[in-house]
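Fold and contact review
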Amino acid sequence: MSRGWKIAVVVAAGLGIVSTPVIWLLDGPGAGQLAGASVQAAVAVVALVWAVLQQPSPAGPTDRADRTGAATDGGVSGIRRPGGRGRGAATAERTGEARGPNSVSGIDYTDSGHTE
């Protein structure tokens with residue numbers, strides 16, 4: 001669940017919990033209002049607990065390279081994330097051999113693949 005949705009659910013649940021006594025105070029409560037207010041409060045409490053217990057969303061996509069070929073002449077045998085961009089996990093296993101200048105076998109976080 002994204003942070004924005006989590007905040008929205010918490011706010012809506014809070015409003016549901018707070019508005020329950022307001023329903024009771026208006027018009028002299030009857031049995032129907034008691035039942036409705038109880039259900040409203042219970043649903044709001046469940047929504048609040050659910051939103052609070054949600055784990056944060058993953059940081060980003062998961063990149064995986066496995067058993068790649070050889071990298072030659074400045075190539076990358078694995079994963080390239082120029083400038084360290086990308087927030088998810090990156091895993092490279094059993095990547096190919098890197099041959100030649102500026103070749104990378106595994107994960108490349110540099111700004112460019114070539115030095116100048």
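What this report covers is the structure whose coordinates are included nearby. This structure is a prediction, so every number in the text was calculated from the model and none was measured. (Residues numbered from 1 in each chain as written. Predicted model: local features only at pLDDT ≥ 70, side-chain atom pairs only at ≥ 80, totals over all residues. Heavy atoms only, no water.)

What follows is about the overall build of the chain. Secondary structure assignment for the chain yields two helices and six strands. Reading the chain from its N end, one meets helices and strands in the order α-α-β-β-β-β-β-β. Of the contacts made within the chain by residues no fewer than 6 positions apart, 66% connect residues no fewer than 24 positions apart. Of the accessible surface of the chain, which amounts to about 7800 Å², a share of 62% is contributed by carbon and sulfur atoms. (Helix = DSSP H or I, 4+ residues; strand = E, 2+ residues; numbered from the N terminus. Contact = heavy atoms within 4.5 Å. Areas by Shrake-Rupley, 256 points an atom, 1.4 Å probe, with all protein chains shown as cover.)

A separate point is a nonpolar patch on the surface. Together, Val10, Val45, Val49, Val52 and Leu53 give the surface a local cluster of nonpolar side chains, amounting to about 410 Å² of exposed area. Considering every element that reaches the nonpolar patch, the biggest residue donor is helix H2 (residues 31–53), with four residues. Note that Val10 resides in helix H1 (residues 3–25). (Patch = residues over 30% accessible without salt bridge, like charges linked within 9 Å, V, L, I, M, F, W, Y side chains within 5 Å. Salt bridge = Lys/Arg side-chain N within 4 Å of Asp/Glu carboxyl O.)

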